[in-house]
Amino acid sequence: MVSNNPFGDFRANCEEALEQSLKKLYPSTRFKSLPFEVPLKKEFGELASTALFDLGKNLKIDPRQLAQQVADTISVEEHPLLRAVTVAGGGYVNFHAAFDELSRTTIDSVRSLDAEYGHVKTDRPLKLIVEHTSANPISPLSIGQARNPILGDALARILSARGHHVNRHFYVDDVGRQTAVVAYGHSKLQDIAFDGKPDHYLGLIYTLTSCIIETNRLKQELERNKDSASEATQQLQKQLDEWVSITAVLERKHRSLFKSLLQSLSKDQNLEKIISDLNREYELGEERAKKLIRRVCELSLAGIKETLSKIDITFDSWDWESTFAWNSDVSKVLKALKDTEYVYQEGPVLEFDADRVADNLGLKSKLGLGEDYEIPSLTLVRADGTTLYTTRDIPYSLWKFKRADKVINVVGLEQRLPQMQLRLALWALGHSSKAKNLVHFAHNLVTLPGYKMSSRRGRYITLDQVVEEAIKRAYEEVEKRSPQRSMKEKTAISKIVGIGALKYALAEVDPIKPVVFTWDRVINFERNSAPYIQYSYARARSILRKAEKVEKPNCALLVKPIEHDLVLILARYPEVFIDSAENLKPNSIAEYANLLADKFNTFYNALPAIRAKPKELSEARVALVEATSIVLRNALNLIGIIAPERM
RNA sequence: GGGUCCGUAGCCUAGUCAGGAUCAAGGCGCUGGCCUUCGGAGCCGGAGAGCAGGGGUUCAAAUCCCCUCGGACCCGCCA
């Protein structure tokens, strides 16, 4: 029999058995759901129920006695995956699996479902949009942001394996001050040669331009306030000092570029105004601005795409933010919002009263907020008539919901408030179901020890750098361990291993927790890493290349504890997968893959497969190896990591 | 000041949402073994925490509630 969830079948057997038994013993008592848990020790079986603690308390009978009654009532013959039911502790009912049957079902199922094994389909397939990465097209992707594409891509793969129809969208954030800054800087430097990727070049221009503008602004402001020795002045001075020191570093590193940029910019009078004019013109869709800004965004984006394609991350749709500004979607939304009671004018500025929406619709507790917490208002329109990021995100969200039932925004933790305001805006507009189906998948950042990366300050390690280093280090490892392979093969392997290591390091940690960047952490080849799992896979494949093809293994011959362990882990993969997909937990797949690799290596070391005697045992073990290799590969693929045949 | 999140061995991480078993799980590092013909990026063993601290709820708390402490993030006419 082929099952897409062998452990789930075992669980169902246990539930049936317990339910029937309780019905027999206590016909009048109704049970809502019977609690089960996976025991920590092998001697306690494969699944245990704590249902009798509760019942015992209600009936004022020792739970242990009840458990014994239950165990006595159950006849395991009626449940194919059940071998024995025992009682332990203060009243646990322990269910022991019939391994001959469980092994057979599991191994048969894995081998026949192959790439589909474990990826149990949902009953309610949805059209989903996973929006991720969505980096500003003004600088290269940094390692600080790198969890976003890696987690976003893993989520998309997992949800798609779950049977949802998933589209991956990249929101190109081309509207806003930052693109005006880089476009302006770029426009002053037409013919400078730069070897390297365009996003790296533009990132540098962005930093240098920001630096000059910022220093300038702070100096002017200090000049204006020079008579008052207030706290504000001190603050300004402090900021200026920071920028001056940043400038010093940049000037030293990029002398000629900095010099020519400074020369050009100093000819212009009011830099602040130039930037905000350019921003406004772009938002209005004026040709001059379009020419300048689109050009730099496209250049940057080409570089970003190149980076992403290196790590095998692709998108179905590139959605330009400016589209929504230019096609009147933004103005329609603003008009609709103005018709609600939640928008008010504050001088020239338009504000959205998010707090009131939450109060009126009783949403605060749903949003996890205290009733007396006041949600800050959101500025929709600036004094100069331009809109803000979150404002434009409202029509974009509506646009996404025309194409999907549910939208998952993979966005940094620091944007919690704007993401919440965005949802509240949808509620205010009457789109409550859309608001409910808008999910902010919040993740923490990768930080450098001691400080946060900042592209404005030019303080970042690019993802390109890390990828390159990862591949380089992987090559050295391959060279060390498999010097006999051809150069071509070594290169191919080192890509798979290096990128795998990087992805795994960022995917394995709970997304909500920060990751502190160190090279050794992000490029790790030892246990608890992608290379370790990949190595286990390669070992399994190596056995399979040498072994004869097994048709009908007799899995009941697998009787050693480690063989049972391995079967059990394989059997559990579908439940791990379902939990990971339903609760958006890519890291649990990473964790699982590592556990499976661990068990496999123990097995590998303890028992021979090919040369086991008799032949039937060897066949059964080879089938187990094959099943393991399939599940290792399936799990790795879900987090975007390739399982190599050799390494 | 207000809000959200995090705090598990020297270090990194799982377990916390859906509370359970007198060894709290892995990895790094430390340490003692294993070159057993299927790949040593490996395997087997040892030492090392009682889950930030304190109260409470419960038959049962790392897990739930409250308080305190420490750290991160947010409270922009930035994104």
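Computed from a predicted model, the values in this text were never measured in an experiment.

Thresholds, definitions, all that
Residues numbered from 1 in each chain as written. Chains lettered and ligands numbered in written order. Predicted model: local features only at pLDDT ≥ 70, side-chain atom pairs only at ≥ 80, totals over all residues. Heavy atoms only, no water. Helix = DSSP H or I, 4+ residues; strand = E, 2+ residues; numbered from the N terminus. Buried < 20%, exposed > 50% of the residue type's maximum accessible area, 1.4 Å probe, protein only. Contact = heavy atoms within 4.5 Å. Areas by Shrake-Rupley, 256 points an atom, 1.4 Å probe, with all protein chains shown as cover. Lys, Arg positive; Asp, Glu negative; His and termini not counted. Charge placed at Lys NZ, Arg CZ, Asp CG, Glu CD. Pairing = 2+ DSSP bridges. Domains from an automatic or database assignment. Buried area = accessible area lost by both parts, 1.4 Å probe. Salt bridge = Lys/Arg side-chain N within 4 Å of Asp/Glu carboxyl O. Axes fitted to C-alpha atoms, helices over the stretch in contact; angles between N-to-C directions. Phe/Tyr/Trp six-rings, centres within 6.5 Å; stacked < 30°, edge-to-face > 60°. Expected span 1.5 Å × (residues − 1). Arc of directions from axis to C-beta.

### Thoughts on the overall build of chain A
Helices and strands together make up the secondary structure of chain A, namely 24 helices and 14 strands. Looking at chain A as a whole, 54% of its 647 residues are labelled buried. Taking the intrachain contacts of chain A between residues at least 6 apart in sequence as the baseline, contacts between residues at least 24 apart amount to 76%. For chain A, the computed accessible surface area is about 29,500 Å², with 49% contributed by carbon and sulfur atoms. Once the 90 positive and 85 negative side-chain charges of chain A are each reduced to a mean point, those two points are 3 Å apart.

### Some words on the pairing of strand β4 (residues 92-97)
Counted residue by residue, β4 has 5 buried out of 6 residues, so it is predominantly covered. Relative to β4, strand β2 (residues 47-49) runs antiparallel, the two being bridged by 3 bridges. Looking at β4, one finds that Ser49 is bridged to Val93. In sequence, strand β3 (residues 82-88) turns back onto β4 through a hairpin of 3 residues, with Gly89 there showing a positive phi of about 60°.

### Some remarks on unusual backbone geometry
For the bond running from Lys613 to Pro614, omega is -5°, close enough to zero to count as cis. Even without being a glycine, Asp312 presents a positive backbone phi close to 60°. Secondary-structure assignment places Asp312 in the loop between α11 (287-310) and β7 (317-320). Asp312 sits in the partly exposed class, given a relative accessible area of 39%. Unlike most non-glycine residues, Asn528 shows phi in positive territory, near 65°. Mapped onto the fold, Asn528 is located in the loop between α20 (519-522) and α21 (530-546). By relative accessible area, Asn528 is classed as partly exposed at 40%.

### Here's the deal with the domain arrangement of chain A
For chain A, the assigned domains read domain 1 (6-97), domain 2 (127-174 + 317-447), domain 3 (177-310) and domain 4 (463-638). Centre-to-centre, using C-alpha coordinates, domain 3 lies 46 Å away from domain 4. Contacts between the two partners involve 5 residues from domain 3 and, on the opposite side, 4 residues from domain 4. Both faces combined, the contact of domain 3 with domain 4 buries some 370 Å², and carbon together with sulfur accounts for 55% of it. Taken as a group, His200, Thr307 and Lys310 account for 92% of the area that domain 3 buries against domain 4, more than any other trio of residues on that side. One can count 2 salt bridges joining domain 3 with domain 4.

### As for the environment of Ser542
Here Ser542 shows up in helix α21. In the structure, Ser542 is positioned 104 residues away from Arg646 in sequence and 7.5 Å away in space, judged by C-alpha atoms.

### Quick look at the side chain of Ser317
Tracing the sequence through the fold places Ser317 in strand β7. A relative accessible area of 16% means that Ser317 is categorised as buried. Excluding residues that lie within four positions of it along the chain, Ser317 makes contacts with Arg168, His169, Phe170 and Trp399.

### Re the sheet that holds strand β9 (residues 349-352)
Here 3 strands make up an open sheet; going across it, the order is β8-β9-β10 and the pairing antiparallel. The open sheet has two free edges, formed respectively by β8 (343-346) and β10 (378-381), since each of these has just one partner strand. Mean inter-strand twist for the sheet, computed between neighbouring axes without regard to direction, equals 40°. When β9 meets β10, the two strands line up antiparallel, connected through 3 bridges.

### Here's the deal with the packing of aromatic side chains
In this description, an aromatic ring pair is defined by two values, namely the gap between the centres and the angle between the planes. Enumeration over the complete set of coordinates arrives at 17 aromatic pairs. Between the aromatic rings of Phe53 and Tyr92, the centroid separation amounts to 5.1 Å while the plane-to-plane angle is 80°, which identifies the pairing as edge-to-face. Pair noted here: Phe53 is in helix α2 (residues 51-59) and Tyr92 is in strand β4, with a separation of 39 residues, a long-range link. For Phe53, a relative accessible area of 30% translates into the label partly exposed. With a centroid separation of 5.6 Å and an interplanar angle of 80°, the aromatic rings of Phe324 and Trp399 are classed as edge-to-face. Taken as a pair, Phe324 in helix α12 (residues 321-326) and Trp399 in helix α15 (residues 389-403) lie far apart in primary sequence, 75 residues in all.

### Some words on helix α18 (residues 463-481)
Three or four residues apart is the spacing at which side chains of an α-helix point the same way, because the helix has 3.6 residues per turn. Its 19 residues give α18 an end-to-end C-alpha distance of 27 Å, which sits within 8% of 27 Å, the value for a rise of 1.5 Å per residue. Those residues of α18 that sit buried are Leu463, Asp464, Val466, Val467, Ala470, Ile471, Ala474, Glu477 and Val478. Taken down its axis, α18 places every buried residue within 160° of arc, on the same side. Across α18 from its buried face, at more than 90 degrees, point the exposed residues Glu468 and Lys480. Of the surrounding elements, those touching the buried residues of α18 are α7 (198-224), α11, α19 (487-507) and α20.

### Observations regarding the pairing of β8
With 4 bridges connecting them, β8 and β9 associate as antiparallel partners. Directly across from Glu346, in β9, lies its bridge partner Val349. Hairpin connection from β8 to β9: 2 residues lie between these consecutive antiparallel strands, with Gly347 at a positive phi of about 65°.

### A few points about the sheet that holds β4
What the 4 strands build is an open sheet, ordered β1-β2-β4-β3; its pairing is antiparallel. On the outer flanks of this sheet lie β1 (36-37) and β3, each paired with one strand and no other. Where helix α1 (residues 6-25) meets the sheet, its contacts fall on β1, β2, β3 and β4, and the angle it forms with β4 comes to roughly 135°. Against the sheet, helix α3 (residues 63-73) touches β3 and β4, its axis set at about 165° to β3.

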